[in-house]
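Here's the letter readout for the chains.
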Amino acid sequence: MSGIAKGSVGARGHRDWPKHAIVGCLLLVELFPLYMMLQVSFKDNAEFIKNPWLPSNPASWRWENWAFGIRLIGPYIANTVFVAVSGTVFSLCFAISGAYFFARYKMPFSGVLWSAFLVLMLLPSVANIVPLFTLLKELSLLNTLTALIAVGVAGGQVFNIFVLRNFIEELPKDLFEAAEMDGASHFQQILNIVIPMSGPIIGTLAILAFLGKWNEFLLPLIVLRDKELFTLGVGLIYLDGEYVKQWGQIMAAYFIASLPLIVIFLFCMRLFVRGLSAGAIKG
Amino acid sequence: MAHVVISNLVKVYPEKNGPGVRVVHGIDLEIRDGEFMALVGPSGCGKSTTLRMIAGLEEVSEGTISLDGQVLNDVLPKDRDIAMVFQNYALYPHMTVYENMAFGLKLRKFPKPEIDTRVREAAVLLGLTDYLDRLPKALSGGQRQRVAVGRAIVRKPKVFLFDEPLSNLDAKMRVSMRTEISKLHARLGATMIYVTHDQVEAMTMGDRICVMKDGGIQQVATPLELYNRPKNLFVAGFIGSPPMNFFAGVLLRVGSEIWFSEKNEKSPPVKLKLPGSISKKIAARLGQPVFFGIRPENIHDVPATKDADAGSMAEVSVEISEPMGAETLLYLTTGATSFIARVRPTDRFEANQRINVTFDLAQAHFFDAASEQVL
Amino acid sequence: MALPISRQKAIREWRLYLFVLPSLLLVATFAYFPAASAIYHSFFDWSGGDTKQLIGFGNFSRAWNDRVLWGAFGTVGILILFNLFKMVPAVLLAVLIHRLKSERWQYAYRVLLVIPMIVPGLVTLFIWKFFFDPNLGVLNRVLDVTGLKHVLVWLDGRVFHWHIFLENVPVGWLSQPDLILPSLFIWGFPWIGAVGVLFYLAGLQSISTEIYEAAELDGVGSFGKFFYIELPLILTQVRLNLTLLIIATLQGFGMQLLLLGETGGPGGRGMTPGLWMYNRAFIAGEFGYACAVGMILFVFILMLTLLNNRYVRVEK
């Protein structure tokens, strides 16, 4: 948050309550789907039809909806956690590594390689899906979670390397030189200088990567066939398609699907809001 | 033994379409075992580049650097047994003081007890024992600098390199750190190469000083020798604060005497008679343009009553007088040349006042105007 | 900036190339190769297996005459307009929050804004699909409860004659061809995406209070402040978001796929070019043709991006 005294932007003489009213309304509407999801998850279809708006009496809350929901998408969540965590870890490791290459010295050909990466940033990936599918088939990676991880990591490289390179280049050069004289190899320099000093940026990138993988459904839809391997994305689609819907259970499942994200956000609330703002100012 | 020999060292920075920028032009320098050698010069003179080549952080374009007879050109920085103290300290921000100092040893796989002993020894030496658990951001500039020095000490290297370590400190801190480093040198007796643009630092700390300019060495000598017997105009004007005064002019023969006549179009030029000792050496330069150099402390103001030798006197105008307490600096002008004199503390001078000053010509230096070499 | 390095040292530091190797390999395999393959295969009649037949520009001429494809582009154009309109509330919300006096409330609202982001995008999509459900759906309930349904029925009967809003018949938002586009428009109400709002807020916060004070002295009112101070300064971010938005909408088909199915809903009204590509490849098995469609889409987007870059640079 900038250090400018923000209090006086809302000018004297203008009351704040109309603004609060409008903002409040907008936010309420925005939070409405969330509210619905929660309160419906405790009802069964009959109760819902009778009383769609208000939460039902807590005494008659249908906790079994939740139990069922867990059974429904528990395995999907497990798969997704695996893919998301591995994907994020590998993606960042390779990206830090690659960004270090570009940021440390202007090695021969680094200009060419950098342009190659940049070009990828501009290319929309829409046309790739079809050949990607056949490629995965050739590599016998169809119907595996590895495929999701590999493609995800590859896709994230460009953006992550771009951001990290700019950041690493801003680190004081003499720190690296001191480490060089202390006898640190490049790997040790990354470990002891780059990573500790890039904490917030890496954190933000990690969150973005994790989120991306969590929400992904297109690639898993195309790649995965076995129900046991389904990630959240496909799992939810499957749920939506197959079921004679017991909305209560489905809503419970939806909420459970959101839980890991809630946990992460509670931990990183500060970091995330600050990270977005900082990113915006730099951009 | 830590005897460094630099031979014909050249550094060229490659340019895309061209021969490249030559930053160091083939210098030769020898640093004796246990010596404190100061490399001094204005910005861009190549002193830092030279230091970094000794450290191994810059590649040598031509020439060699040897330590105790072993050529270092292709040896990795970490294997050169050299430690460096950086201008901005370069402390690892997320490591404590202890860890910062221990890092190099840890990387070299020293046993833990050994590391601990060395770090604590260095901490005692530098007064850092109470700060071992602090992070750099909780330290003052002077303390950080000491940690940087400590990091070098624990390595027990053959040579210490200092890259303008005091330039980021405030004046007071600078003075105290100067003495600390000097004491350290006396204590450890190690070979130290110290780069600075501040000639006061060089003068006070160096056993010998190497004055550099534009990628070349101007003169290498002890501080006093540089001060009293500068080889050229640049060194003469660089060393000493306030700097030496220079008057442009020619040498004339007047009868059996040789006089210096200032080049002055605005007012009567200063004319000074040269004492016999000097006359002999510079007789050859009669008629040619020369620079007459004299240090501020060798110019004295003449009280109105006193009689002085006309040959060493001149009437000049006061521009400003700066009473410093123990002395007064007088900014004077002949009309063509401005110069400074250090006189006894007094405040009886005013701007535009005409006074008489006398020059102690035994301390005069003459330089050929074209080659700028001393005569 | 990355330090320049001499040839000698670079050779000594050859190990650095190893650091970029994994990224390079991954990107070459999973990004460059498919891209090259897409271009290559767009000239073939290919069903994804080993059999393919070179047909030159056959796919492209077929695309030229493909009514569905051009219809899809038209649809996507309309969607872009929708999305442009949907950017407005985010900006307005950012301005409103920015102008609040209490810093604590500002922070509170930011947190409240981020909370909906916790719900994975997919879940939000499905919840909306639930809302659109004609029988159990919330949307229809809202219309009934607020009486808007009657207004719509009246309008339909007397004025517009759409024959969509009928008394006692639940509105089929996703099943009536004519309602598909409006449904896509309504989706996401009230259209305040947290990411956008937070970005704009950050930009607004870099405006110094002095400008506001000067405006006060000049007697500029609330709307004036918006148009003269805030809008111009946010404009760069808006433009950035705009570019990203247009590109994303152009290639988007995930939402349509999930809400409407692979054929873009009844009457194919929700078909986008991306969806058509997906459809041709994975439903009809015409991989070669799908590649061609993908190529066309890609060229389109590339042109727009270049145009936009030039426009932006000129402005600067």
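Computed from a prediction, not measured in an experiment: that's the story for all the values here.

1. Overview of the overall build of chain B
- Within chain B, the secondary structure is distributed over nine helices and 20 strands.
- Each principal axis of the C-alpha atoms in chain B carries an extent, and together these give about 80 × 50 × 40 Å.
- Within chain B, the fraction of its 375 residues that count as buried is 39%.
- Counting only contacts in chain B whose residues sit at least 6 apart along the sequence, the fraction spanning at least 24 positions is 65%.

2. Looking at the interface of chain A and chain B
- Taken together, the contact between chain A and chain B spans 15 residues of the former and 16 residues of the latter.
- Elements with a minimum of two residues in the side of chain A that touches chain B: helix 7 (173-182) and helix 8 (186-197) of chain A.

3. Some remarks on the domain arrangement of chain B
- Under the domain assignment used here, chain B contains domain 1 (4-237) and domain 2 (245-368).
- Class assignment for the residues of the side of domain 1 of chain B that touches domain 2 of chain B results in three nonpolar, two polar and no charged.

4. A word on the interface of chain A and chain C
- Facing 89 residues of chain A, the contacting portion of chain C comprises 88 residues.
- Among the elements that line the side of chain A that touches chain C, the one with the most residues is helix 12 (residues 247-282) of chain A, at 14 residues.
- Residue composition of the side of chain A that touches chain C, grouped by class: 63 nonpolar, 17 polar and nine charged.

5. So, the sheet that holds strand 18 (residues 338-343) of chain B
All names here are of chain B.
- A sheet is described by the order of its strands in space; here five strands give the open sequence 15-19-16-17-18, paired in antiparallel fashion. Pairing within the sheet leaves two strands with one partner each, and these edge strands are strand 15 (299-301) and strand 18. This sheet shows a mean twist of 50° between the axes of neighbouring strands, independent of strand direction.
- For strand 16 (residues 313-323) and strand 19 (residues 354-359), the ladder comprises five bridges, and the chain directions are antiparallel. Bridge pairing in strand 19 places Val 316 opposite Ile 355.

6. A closer look at helix 9 (residues 177-186) of chain C
Residues and elements named next belong to chain C.
- Of all the positions in helix 9, only Leu 179, Ile 180, Ser 183 and Leu 184 are classed as buried. Projection of helix 9 onto a plane perpendicular to its axis shows the buried side chains occupying an angular sector of 145°, all on one side.
- In this structure, the buried residues of helix 9 make contact with helix 4 (67-98), helix 6 (121-132) and helix 13 (254-260).
- Of the residues trailing helix 9, Gly 188 is marked for its positive phi of about 90°.

7. Overview of the packing of helix 4 of chain C against helix 10 (residues 194-205) of chain C
Residue and element names in this part refer to chain C.
- Interhelical geometry of helix 4 versus helix 10 gives an angle of 45° and a closest axis separation of 8 Å. Classified by the angle between their axes, helix 4 and helix 10 sit oblique to one another. Like other packed secondary-structure pairs, helix 4 and helix 10 cross with a definite hand, here right-handed. In contact with Ala 90, Val 91, Leu 93, Ala 94, Val 95, Ile 97 and His 98 of helix 4, helix 10 contributes Gly 196, Val 197, Tyr 200, Leu 201, Leu 204 and Gln 205.

8. Things to note about helix 10 of chain C
All names here are of chain C.
- Taking 1.5 Å of rise per residue, 12 residues should cover 16 Å, and helix 10 covers 16 Å from first to last C-alpha, within 8% of that figure.
- The buried fraction of helix 10 amounts to 11 of the 12 residues, a majority that puts the element mostly inside the structure.
- Of the positions making up helix 10, those classed as buried are Ala 194, Gly 196, Val 197, Leu 198, Phe 199, Tyr 200, Leu 201, Ala 202, Gly 203, Leu 204 and Gln 205.

9. A look at the environment of Phe 101 of chain A
- Among the structural elements, Phe 101 of chain A can be located in helix 3 (residues 63-104).
- On the basis of neighbour count, Phe 101 of chain A is assigned to the buried category, with 26 C-beta atoms found within 10 Å.

10. Points about the pairing of strand 18 of chain B
Residue and element names in this part refer to chain B.
- Examined bridge by bridge, strand 17 (residues 328-333) and strand 18 share six bridges and lie antiparallel to one another. Note that in strand 18 the partner of Leu 329 across the bridge is Arg 342.
- Between the end of strand 17 and the start of strand 18, which pair antiparallel, lie four residues, with Gly 335 showing a positive phi angle near 105°.

11. Points about the sheet that holds strand 10 (residues 216-221) of chain B
All names here are of chain B.
- Taken in spatial order, the six strands of this open sheet run 6-7-8-3-9-10, and their pairing is mixed. Looking along the sheet, the strands with just one partner apiece sit at the ends: strand 6 (82-85) and strand 10. The sheet shows a mean angle of 20° between the axes of neighbouring strands, direction not considered.
- Pairing analysis gives five bridges linking strand 9 (residues 208-213) to strand 10, with the strands arranged antiparallel. By the bridge assignment for strand 10, Met 212 is matched with Ile 217.
- Packing against the sheet, helix 4 (residues 141-153) makes contact with strand 6 and strand 7 (159-163), and its axis sits at approximately 180° to strand 6.

12. Thoughts on the confidence of the model for chain A
- Per-chain confidence: chain A averages 80 in pLDDT, with 86% of residues scoring 70 or above.
- Low pLDDT, under 50, characterises residues 279-283 of chain A; the stretch is placed with eight contacts to residues that sit more than four places away or in other chains.

13. Remarks on unusual backbone geometry
- Of the consecutive residues Ser 241 of chain B and Pro 242 of chain B, the connecting peptide bond is found in the cis state with omega at 0°.
- Of note, Pro 242 of chain B is situated in the loop between helix 8 (233-238) and strand 11 (245-254).
- The phi dihedral of Asn 143 of chain A is positive, around 65°, even though this residue is not glycine.
- Checked against the element boundaries, Asn 143 of chain A lands in the loop between helix 5 (129-138) and helix 6 (145-169).
- Since 13 C-beta atoms lie within 10 Å of it, Asn 143 of chain A is described here as partly exposed.
- Of note, Glu 164 of chain B is a non-glycine position whose phi angle comes to about 45°, a positive value.

Scoring rules and cut-offs
- Residues numbered from 1 in each chain as written.
- Chains lettered and ligands numbered in written order.
- Predicted model: local features only at pLDDT ≥ 70, side-chain atom pairs only at ≥ 80, totals over all residues.
- Helix = DSSP H or I, 4+ residues; strand = E, 2+ residues; numbered from the N terminus.
- Buried ≥ 20, exposed ≤ 12 C-beta atoms within 10 Å, placed from the backbone.
- Contact = placed C-beta atoms within 7 Å.
- Domains from an automatic or database assignment.
- Nonpolar A, V, L, I, M, F, W, Y, C, P; charged D, E, K, R; others polar.
- Pairing = 2+ DSSP bridges.
- Axes fitted to C-alpha atoms, helices over the stretch in contact; angles between N-to-C directions.
- Arc of directions from axis to C-beta.
- Parallel < 35°, antiparallel > 145°, perpendicular 65-115°, else oblique.
- Left-handed = near helix turned anticlockwise from the far one by under 90°.
- Expected span 1.5 Å × (residues − 1).
- pLDDT = per-residue confidence, 0-100.

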